[in-house]
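# Descriptive analysis of the structure
One letter stands for each residue in the lines below.
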Amino acid sequence: MEQTVRVRECRPDGTAQVIHVRESACSGDCHKCSGCGAAKEAVVFTAQNPIGAKVGDLVKVESQTAPVLKAAVVLYVLPLVLFFLGYYLGTLPGSFGVLGGLAGFSLGIAGVIAYDRLVLQKKNISYTITSFAE
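Described below are features of the structure shown in this document. Remember, predicted model here, so these are calculated numbers, not experimental data.

As a further point, take the packing of aromatic side chains. Considering all chains together, one arrives at three aromatic pairs under this definition. Pairing Phe45 with Tyr127 gives two aromatic rings, centres 4.3 Å apart and planes at 40°, and the pair type is tilted. One end of the pair, Phe45, is in strand β3 (residues 41-48); the other, Tyr127, is in strand β5 (residues 127-132), with 82 residues separating them in the sequence. Taking the centre distance of 6.4 Å and the plane angle of 25° together, the rings of Phe83 and Tyr87 count as stacked. With Phe83 and Tyr87 both in helix α2 (residues 66-91) and four residues apart, this pair spans about one turn of that helix. Overall, Tyr87 belongs to the partly exposed group, its relative accessible area being 37%. An aromatic cluster is present here, built from Phe83, Phe84 and Tyr87 joined pairwise through their rings.

With that settled, consider the packing of α2 against helix α3 (residues 99-122). Contact pair α2 / α3: the axes reach a minimum separation of 6 Å and the direction vectors enclose 160°. Taken as axis vectors, α2 and α3 run roughly antiparallel relative to one another. As for how α2 packs across α3, the hand of that crossing is right-handed. In this structure, α2 contributes Pro67, Lys70, Ala71, Val74, Leu75, Leu78, Pro79, Leu82, Phe83, Gly86, Tyr87 and Gly90 to the contact, and α3 contributes Gly100, Gly101, Leu102, Gly104, Phe105, Leu107, Gly108, Ile109, Gly111, Val112 and Tyr115.

The residue Thr15 is located in strand β2 (residues 15-22) in this model. Overall, the relative accessible area of 8% leaves Thr15 in the buried class. Side-chain polar atoms of Thr15 contact the side chain of Asp13, separated by 2.6 Å. Ignoring anything within four residues of it in the chain, the contact list for Thr15 reads Cys10, Thr46, Ala47, Gln48 and Asn49.

Another aspect to go through is the environment of Arg6. Considering the arrangement of structural elements, one finds Arg6 in strand β1 (residues 2-10). Linking Arg6 and His20, residues 14 residues apart in sequence, is a C-alpha distance of 6.7 Å. Not counting residues up to four positions away in its chain, the partners in contact with Arg6 are Gln17, Val18, Ile19, Gly56, Asp57 and Leu58.

This next bit is on α2. Because each turn of an α-helix spans 3.6 residues, side chains separated by three or four positions in sequence point in the same direction. In a regular helix each residue adds 1.5 Å, so 26 residues correspond to 38 Å; α2 covers 36 Å between its end C-alpha atoms and thus fits that length. A bend of about 35° at Val77 is the largest found in α2, and the proline Pro79 appears one to four places after it. Along α2, the residues that are buried comprise Pro67, Val74, Pro79, Leu82, Gly86 and Gly90. Of the surrounding secondary structure, the elements contacted by the buried residues of α2 are α3.

Cut-offs and rules
Residues numbered from 1 in each chain as written. Predicted model: local features only at pLDDT ≥ 70, side-chain atom pairs only at ≥ 80, totals over all residues. Heavy atoms only, no water. Phe/Tyr/Trp six-rings, centres within 6.5 Å; stacked < 30°, edge-to-face > 60°. Helix = DSSP H or I, 4+ residues; strand = E, 2+ residues; numbered from the N terminus. Buried < 20%, exposed > 50% of the residue type's maximum accessible area, 1.4 Å probe, protein only. Axes fitted to C-alpha atoms, helices over the stretch in contact; angles between N-to-C directions. Parallel < 35°, antiparallel > 145°, perpendicular 65-115°, else oblique. Left-handed = near helix turned anticlockwise from the far one by under 90°. Contact = heavy atoms within 4.5 Å. Polar contact = N/O pair within 3.5 Å; in protein donor to acceptor, adjacent residues only side chain to side chain. Expected span 1.5 Å × (residues − 1). Bend = angle between axes of the 7 residues up to and from the residue.

Right, here's the structure in full:
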């Protein structure tokens with residue numbers, strides 16, 4: 001996964017603090033359509049700096065794809081699978097019916113929250129500055 005960011009601070013340990021400004025899907029041109037007035041969100045994170053980028057440089061940063069895909073599976077697939085499993089088990093004779101689907105979905109959401117807390121503790125996504133942006 002690659003994105004363009006600006007170097008905010010260089011550190012002596014070979015890393016740099018970078019900032020990425022996220023815009024809404026409509027690109028924030030609300031004056032063109034009299035739209036929502038979506039705010040831009042700034043995300044600050046630390047990246048390895050093997051190319052020696054300086055403060056203010058516009059650079060490209062790459063991250064590992066596997067942790068991002070794993071998080072997407074946990075976020076989107078786990079609650080859905082547990083919903084259908086709970087719904088199926090809820091339709092068996094002597095069970096609670098549709099409440100099984102709700103219970104399965106709730107269990108999936110609890111799994112997502114637990115995974116999110118685990119990822120926050122591990123901080124397993126690493127970023128590397130790969131090149132200067134044009």
